[in-house]
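# Breakdown of the fold
Spelled out from the first residue to the last, the chains are:
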Amino acid sequence: MDPMEVFKIEVTGEEDFGTKKYRELIMDILQDLGLIRSIGRLYVYLDIMEPVFAVFGLLRTGIPPLTVKDVGDVLKTEGGYQVKINDEEHMSDLLKVLWGHYGRERVEQPARDVVIIASDKDPSGLMVADLEAEFLQDLTDGLVRIAPEGFRNRRNEMSKESFFFIAAEETLAPELIAKTKEKIREMQNA
Amino acid sequence: MLEPVMFTGGLYKHDLVVELVEDLGGYVLQKNVTQSEVILLILVPSEDKPVLEALIKELRGELVRAPLAGTEVAVVTPTLAIHHLPHTACDIAEYLRRHGSKTNMMGLARGVGREIAQINEYETALINEHDAAVFIFGNFRECIRRKESLYRNITVPVVVTGGPEIDKCELPYAFEYVPSIGRVAHRARKATEIGTLDSIIESVGRALDKTRTDITKDPLTTSPPRVMDAVREQVPEVEYSYSPLPIALNLTGVRVKLPYDGYKDAVSAVTFDEGVKLGEIATIKPSRMKDYILVRILPASETGYVF
């Protein structure tokens, strides 16, 4: 069963095998990059004779930004705060944010997973990483991987709720983009 | 007739196998040592194979037929980007290696796309130095049909692989077409996928057999393994080459992995027991692969004798 609510793929011509395989390929790549849970609906249109490849997707929004309290336990100590890191993946981002906010002289790291801040201001709410921006970067990477490789002329329109990706061998003329968007709209309404 | 086989066993006492093969008049084509294991690719006279089997049984080793041993196969993908590698291309290359072939993976510079795919003269010449080529294409029928221009000028047999079922007569320039292995984003692990790899091996085997049959119509002056042995003996510098296989065998000659300018005369002067020099019975030219030496043995129709 697909983890997405809707996953439609349409390929022109007698390309039943290609359609089936492309479906598997898209699932494999999205799963590899850990993106599949964040996409709600996906429409893929491929015209081999043109040739043009397009993907339109609706995102499951609402990935909150990562704050200091998400990556570690914040404790009030004498003369400041101590952060005990649980998630080392974002360590460098955390230090960068703390240095920027408090200044290097007030941030000390006596052990690998402990950061001491000499300030009365609580760091819990500071934003360490914008996960949504990271997700959109990964999504773009995934779409480039999914598109057939010879389709080097690409255009990617992304918003917080949806994305539209189109790739072709020839120059992307506005008429071609409009025509492809129309095709995807037809798929949505079908 | 020499039979290609592969020995897998312990490093301990494997010298006995090498010695026996040499005594029987066979050739050790390649030796790979991996920690305490050794893999030998061997050509052994078929009538003496039971003697070798008996020794290998005693050593608790394994002897299997390696139908592709002594051949070089090019695995060609439209590019070396993530779209084509690693899964399909590496699976096919590895599977060919397991059956004894020397496999080279090649990515074309501009092989992508349906309309824009192209191959240049250098790439064509490099593929032509091999005994057979496997072209790996994708999932769409129309693209596979259009990409015929990539292998139209290749003189060695080309096995084309792709996803959909396509009738062979639609691809007149391909030797054979193997379906159900288009672009995938995972390693071959299901029984059907492994089965497809087997059919590629069978197809490559048939392509090589065709070349072998063509050669028997006008036999080579001497056999490539004999040239390999003579070069190894008389040009000792080849053992210091950093390549894992310093002399690569083809069906019609060998590739000596030494710089062409420095060693072409030494290779040309290699003399056989019959008093014939290699330069007299073979063309020695620069290979398209790095600056190696390509030796192509002339057929009997040109030299007038076979030994």
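As the structure is a computational prediction, the values presented were derived from the model and not from experiment.

## Here's the deal with the overall build of chain B
When helices and strands are counted, chain B shows ten helices and 13 strands. By the compact-globule yardstick of 19 Å for 307 residues, chain B fits well, its C-alpha radius of gyration being 20 Å. Here the C-alpha coordinates of chain B stretch approximately 55 × 45 × 35 Å along the principal axes. Among the 307 residues that make up chain B, the fraction classed as buried is 43%. The long-range share in chain B, meaning contacts at least 24 apart out of those at least 6 apart in sequence, stands at 67%.

## Describing the interface of chain B and chain A
The interface is formed by 23 residues belonging to chain B together with 17 residues belonging to chain A. The residue makeup of the side of chain B that touches chain A, split by class, is eleven nonpolar, seven polar and five charged.

## Examining the sheet that holds strand β3 (residues 37-45) of chain B
Residue and element names in this part refer to chain B. Taken in spatial order, the four strands line up as β2-β3-β1-β4 in an open sheet, and their pairing is antiparallel. Among the strands making up the open sheet, the edge pair consists of β2 (27-34) and β4 (62-65). The average angle at which neighbouring strand axes cross in this sheet is 20 degrees, direction not considered. Here helix α1 (residues 14-24) sits on the sheet in contact with β1 (2-10), β2 and β3, set at roughly 15 degrees to β3.

## A word on the domain arrangement of chain A
The domain boundaries assigned to chain A delineate domain 1 (6-62 + 131-189) and domain 2 (66-129). Look at where the C-alpha atoms of domain 1 of chain A and domain 2 of chain A centre, and you get two points 40 Å apart.

## Some words on unusual backbone geometry
The linkage connecting A:Glu50 with the following residue, A:Pro51, adopts the cis geometry, with an omega of -15 degrees. The residue A:Pro51 is located in the loop between β2 (39-47) and β3 (52-59) in this model. B:Pro86 follows B:Leu85 through a cis peptide bond whose omega is -5 degrees. Within the fold, B:Pro86 resides in the loop between β5 (72-77) and α3 (87-98). Unlike most non-glycine residues, B:Lys13 shows phi in positive territory, near 65 degrees. Note that B:Lys13 resides in the loop between β1 and α1. Not every positive phi belongs to a glycine, and B:Lys290 is a case in point at roughly 50 degrees. In this fold, B:Lys290 is placed in the loop between β12 (282-286) and β13 (293-297).

## Considerations on the packing of α3(B) against helix α6 (residues 191-217) of chain B
All names here are of chain B. Direction vectors running N to C along α3 and α6 enclose 55 degrees, while the axes themselves pass 10 Å from each other. Looking at the two axes, α3 sits oblique to α6. The element α3 and its partner α6 pack so that their crossing is right-handed. Contacts between α3 and α6 involve Asp91, Ile92, Tyr95 and Leu96 from the former and Leu197, Ile200, Ile201 and Val204 from the latter.

## Notes on the sheet that holds strand β7 (residues 107-111) of chain A
All names here are of chain A. Taken together, four strands build an open sheet; the order of strands is β5-β6-β8-β7 and the sheet is antiparallel. Only two strands of the sheet have a single neighbouring strand rather than two, namely β5 (72-77) and β7. Direction aside, neighbouring strands of the sheet carry axes that sit 25 degrees apart on average. Strand direction decides the pairing type here: strand β6 (residues 80-85) and strand β8 (residues 114-117), joined by four bridges, are antiparallel. Note that in β8 the partner of Val83 across the bridge is Val115.

## Overview of the nonpolar core
Proteins that are soluble and globular tend to have nonpolar side chains buried together. With 114 residues, the main nonpolar core has B:Ala133, B:Val134 and B:Val204 as its most contacted residues. Among residues more than four places away in sequence, those in contact with B:Val204 are B:Leu68, B:Val73, B:Leu96, B:Ala132, B:Val134 and B:Val159. In terms of nonpolar packing, the next biggest core, distinct from the first, is built from ten residues, A:Val68, A:Tyr81, A:Leu98 and A:Val115 among them.

## Here we look at the environment of B:Pro286
Residues and elements named next belong to chain B. Residue placement: Pro286 occurs in strand β12. Assessed through the 14 C-beta atoms surrounding it within 10 Å, Pro286 is described here as partly exposed. Contacts of Pro286, omitting those with residues within four sequence positions, involve Tyr260, Asp291, Ile293 and Leu294.

## Structural notes on the domain arrangement of chain B
All names here are of chain B. Considered domain by domain, chain B is made up of domain 1 (2-65), domain 2 (72-216) and domain 3 (224-303). Once you take the C-alpha centre of each, domain 1 and domain 3 turn out to be 24 Å apart. Contacts between the two partners involve four residues from domain 1, matched on the other side by five residues from domain 3. Among the elements that line the side of domain 1 that touches domain 3, the one with the most residues is β2, at three residues. Residue classes in the side of domain 1 that touches domain 3 are distributed as three nonpolar, one polar and no charged.

## Some words on the confidence of the model for chain B
Across chain B, the average pLDDT comes to 92, with 100% of residues at 70 or higher. Across the interfaces of the predicted complex, the ipTM metric reaches 0.75, alongside a pTM of 0.86.

## Section: the environment of B:Gly195
Of note, B:Gly195 is situated in helix α6. Taking the C-alpha atoms as reference points, B:Gly195 and B:Leu294, 99 residues apart in sequence, are found 35 Å from one another.

## Quick notes on the packing of α1(B) against helix α2 (residues 49-58) of chain B
Residues and elements named next belong to chain B. Running from N to C, α1 and α2 point in directions that differ by 170 degrees, and their axes come no closer than 11 Å. When the axes of α1 and α2 are compared, the pair comes out roughly antiparallel. Between α1 and α2, the contacting residues are Leu16, Val17, Leu20, Val21 and Leu24 on the first element and Val51, Leu52, Leu55 and Ile56 on the second. Partitioning the contact of α1 with α2 into residue classes produces nine nonpolar, no polar and no charged.

## Concerning the pairing of strand β6 (residues 102-107) of chain B
Residues and elements named next belong to chain B. Relative to β6, β5 runs parallel, the two being bridged by six bridges. Paired with Thr77 across the two strands is Gly107, which belongs to β6. Regarding topology, α3 serves as the crossover connection from β5 to the parallel β6, and that connection is right-handed.

So, how was this worked out
- Every chain is numbered independently, its residues counted from 1 as its sequence is written.
- Labels follow written order: the first chain is A, the first ligand is 1, and so on.
- Local features in this predicted model are restricted to residues of pLDDT 70 or higher, and side-chain atom pairs are both shown and tallied only at a pLDDT of 80 or more, whereas totals for entire chains, interfaces and linings draw on every residue.
- Numbering of helices and strands runs from the N terminus; a helix is a DSSP stretch of H or I covering at least four residues, while a strand is a stretch of E covering at least two.
- Radius of gyration: over C-alpha atoms. The globule rule applied is 2.2 Å multiplied by the number of residues raised to the 0.38 power.
- In this scheme every C-beta is placed from the backbone, and a residue whose C-beta has 20 or more other C-beta atoms within 10 Å is buried, one with 12 or fewer is exposed, and one in between is partly exposed.
- What counts as a contact here is a pair of residues whose C-beta atoms, placed from the backbone, lie within 7 Å.
- Gly is put with the polar residues, along with every residue not named as nonpolar or charged; the nonpolar set is Ala, Val, Leu, Ile, Met, Phe, Trp, Tyr, Cys and Pro, and the charged set is Asp, Glu, Lys and Arg.
- Any two strands between which DSSP finds at least two bridges are classified as paired.
- Angles here are taken between N-to-C directions and fall from 0 to 180 degrees, while the axes themselves are lines fitted to C-alpha atoms, restricted in helices to the stretch in contact.
- The domain limits used here are those given by an automatic or database domain assignment.
- Any angle that is under 35 degrees is reported as roughly parallel, and any over 145 degrees as roughly antiparallel; angles of 65 to 115 degrees are reported as roughly perpendicular and all others as oblique.
- In a left-handed crossing the near helix is turned counterclockwise from the far helix by less than a right angle, and in a right-handed crossing that turn is clockwise.
- Only buried residues count toward a nonpolar core: Ala, Val, Leu, Ile, Met, Phe, Trp, Tyr and Cys, linked into one set through C-beta atoms within 7 Å.
- The predictor's confidence in any single residue is recorded as pLDDT, a number from 0 to 100.
- Crossover handedness is defined by viewing with both strands directed away from the observer: a clockwise path from the first strand over the helix to the second marks the crossover as right-handed.

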